[in-house]
Amino acid sequence: MSKVAKRRSLFTPEQVQRYSRHIILSEVGPIGQRKLMNAKVLLLGAGGLGSPAALYLAAAGVGTLGIVDFDEVDLSNLQRQILHGHSDVGRPKVASAQDRLREVNPDVNVVAHTEHLNSDNVMEVFADYDVIVDGTDNFPTRYLVNDAALFLNKPVVHGSIFRFEGQATVFEPGKGCYRCLYPEPPPPEMAPSCSEAGVLGVLPGIVGSIQAVETAKVLLGIGDTLVNRLLLFDALALSFHEVKLRRDPACPVCGDNPTITELIDYEAFCGMPAVEQTLDVTSGTAT
């Protein structure tokens, strides 16, 4: 090992103390911790799912965390989006997230992407990252994320929530994708947002933490990830169920004869906007 490489492999005394519980794990150890510190993970959303995922990945020492979010912190977010506090209301979520994550772990480089993902920018945003953590809340963006990640050969750690239920899985290129699970988007009236249907505040903490676990396993190359498995969580019954997933040979993107070979108009495909509307609780109308 060269002197330069050796220096790069060493930990500071503070890092040894900070990551000591990882380093003593035989499945992680110093080599695995170095993998985490050299990794680049992109979190889509600094909301309910992105909050716990970002906090735990930062604490674990993931070297670079990119966060995509163009929204500002709203008072209604604080019921579940634990990255943010009362004093952050009105601030951009990425700015609030940067401050909080740097406080959790100053080793981590937090990169803010204050933009709405679309077909024009997604490939450039995804390019430098090793794993994409999808905490988005609408179908156009989920299909966009799926296709872009496949074209760039990047794994996606997917999570979603609805009222009292959540689900998580890992999509690895060559082993199925989001379109294999959901070939067609649901009708807009069948896909209400959290602002319309509500959500138990604790629920995204559970699903987002599962996403953090799966991301760490993907980066470390350990354990059995949720590839080809969909984990379903019911908070009211406090139960987990698992559904087997398979790659669809007829999938238009990852199948044997793909018909979608470039990014499309995802809002038109889904028949709905890619930006969640807010609900005026006084009038019951979306704005």
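Here, the structure is the one placed above.
Here's what I pulled together on the structure shown here. From a predicted model like this one, the values you see are computed outputs, not experimental measurements. (Residues numbered from 1 in each chain as written. Predicted model: local features only at pLDDT ≥ 70, side-chain atom pairs only at ≥ 80, totals over all residues. Heavy atoms only, no water.)

Some points on the overall build of the chain
The cut-off we apply is this: Helix numbers and strand numbers start at the N terminus; a helix is a DSSP run of H or I with at least 4 residues, a strand a run of E with at least 2. C-alpha atoms define the radius of gyration, and 2.2 Å times the number of residues to the power 0.38 defines the globule rule. Think of it in three bands: residues with accessible area under 20% of the maximum for their type are buried, residues over 50% are exposed, and the middle band is partly exposed, with areas taken using a 1.4 Å probe on protein chains only. Two residues form a contact once any of their heavy atoms are found within 4.5 Å. Per-residue and other accessible areas follow the Shrake-Rupley method at a 1.4 Å probe size, with only the shown protein chains counted as cover for residues. Positive charge is attributed to Lys and Arg, negative charge to Asp and Glu, and no charge count is given to His or to the chain ends. Charge placement uses NZ in Lys and CZ in Arg. For Asp and Glu, CG and CD serve respectively.
Of regular secondary structure, the chain possesses 12 helices and 10 strands. Taking 287 residues into account, the globule formula puts the C-alpha radius of gyration at 19 Å, and the chain, at 19 Å, falls close to it. Seen along its three principal axes, the alpha-carbon backbone of the chain occupies a region of about 60 × 50 × 40 Å. For the chain, the proportion of its 287 residues judged to be buried stands at 47%. Partitioning the intrachain contacts of the chain with sequence separation of at least 6 by distance along the chain shows that 66% fall at a separation of at least 24. Accessible surface for the chain amounts to roughly 14200 Å². Of this, 54% is attributable to carbon and sulfur atoms. Charge centroids of the chain, computed over 24 positive and 34 negative side chains, lie 13 Å from each other.

Some points on the packing of helix α5 (residues 50-60) against helix α6 (residues 93-104)
Each pair of packed helices can be described by the angle between their axes along with the distance between the axes. Using the following cut-off: Note on definitions: angles span 0 to 180 degrees between N-to-C directions of axes, and those axes are lines fitted to C-alpha atoms, for helices only across the stretch in contact. The sense of a crossing depends on the near helix, which, turned anticlockwise from the far helix by less than a right angle, makes the crossing left-handed and, turned clockwise, makes it right-handed. Following the grouping adopted for this structure description, the nonpolar residues are Ala, Val, Leu, Ile, Met, Phe, Trp, Tyr, Cys and Pro, the charged ones are Asp, Glu, Lys and Arg, and the polar ones are all others, Gly among them.
The contact between α5 and α6 brings their axes to 9 Å, and the two run at 35°. Like other packed secondary-structure pairs, α5 and α6 cross with a definite hand, here right-handed. Packed against α5, whose contacting residues are A54, L55, A58 and A59, the element α6 presents R100, L101 and V104 at the interface. Tallied by class, residues from the contact of α5 with α6 come to six nonpolar, no polar and one charged.

Focus on the packing of aromatic side chains
In this description, a pair of aromatic rings is defined by centroid distance and the angle of the planes. Definition in use: Centres within 6.5 Å make a pair out of two Phe, Tyr or Trp rings, where for Trp the six-membered ring is used; the pair is then stacked when the planes are under 30 degrees apart, edge-to-face when over 60, and tilted otherwise.
Following the criterion strictly, the structure yields five aromatic pairs and no others. Aromatic side chains Y143 and Y178 sit 5.1 Å apart centroid to centroid with 75° between the ring planes, which places their arrangement in the edge-to-face category. Note that Y143 is positioned in helix α8 (residues 139-151) and Y178 in helix α9 (residues 178-181), a separation of 35 residues in sequence. Taking relative accessible area as the criterion, Y178 reaches 3% and is therefore assigned buried. Relative to F269, the ring of Y143 has its centre 5.1 Å away and its plane inclined at 80°; by these criteria the two rings are edge-to-face. Of this pair, Y143 sits in helix α8 while F269 is found in helix α12 (residues 266-270), placing the two residues 126 residues apart along the sequence.

Some remarks on the sheet that holds strand β7 (residues 229-234)
Formally: Between any two strands, at least two bridges found by DSSP are needed for them to pair.
Ordered in space as β3-β2-β1-β4-β5-β6-β7-β8, the eight strands form an open sheet in which the pairing is mixed. Each of the sheet's edge strands pairs with one partner strand only, and the pair in question is β3 (109-113) and β8 (239-244). Direction aside, neighbouring strands of the sheet carry axes that sit 15° apart on average. Both strand β5 (residues 156-162) and strand β6 (residues 165-171) contribute to a ladder of seven bridges, which runs antiparallel. Of the residues in β6, the one forming a bridge with F162 is E165. α8 rests against β1 (40-44), β4 (131-134) and β5 of the sheet, and its axis sits at about 170° to β5.

What about the pairing of strand β2 (residues 64-68)?
Counted only if it meets this: For the handedness criterion, the strands are oriented away from the viewer, and a crossover whose path from the first strand over the helix to the second runs clockwise is classed as right-handed.
A large share of β2 lies buried, amounting to five of its five residues. Every second residue of β2 is oriented toward a common face, with T64, G66 and V68 on one face and L65 and I67 on the other, all of them buried. Of the pairings in the sheet, the one linking β1 to β2 comprises five bridges and is parallel in character. Residue pairing across strands places L42 opposite G66, the latter belonging to β2. This β-α-β element, β1 to α5 to β2, shows right-handed connectivity.

Some details on the environment of S160
Assignment of secondary structure puts S160 in strand β5. Its relative accessible area of 10% is what places S160 among the buried residues. Along the primary structure S160 and V133 are separated by 27 residues, whereas in three dimensions their C-alpha atoms are 11 Å apart. When residues no more than four places from it in sequence are discounted, the contact partners of S160 are L49, R142, E165, G166, Q167 and V207.

Thoughts on the pattern of salt bridges
This is how it is decided: Counted as salt bridges are all cases of a side-chain nitrogen of Lys or Arg within 4 Å of a carboxyl oxygen of Asp or Glu.
Considering all chains together, one arrives at nine salt bridges under this definition. Residue D147 is joined to R179 by a salt bridge in which the shortest nitrogen-to-oxygen separation is 2.9 Å. Note that D147 is positioned in helix α8 and R179 in helix α9, a separation of 32 residues in sequence. By the burial criterion, D147 is buried, and R179 matches it. Three or more residues are tied together by salt bridges with common partners; here these are D88, R91 and D99.

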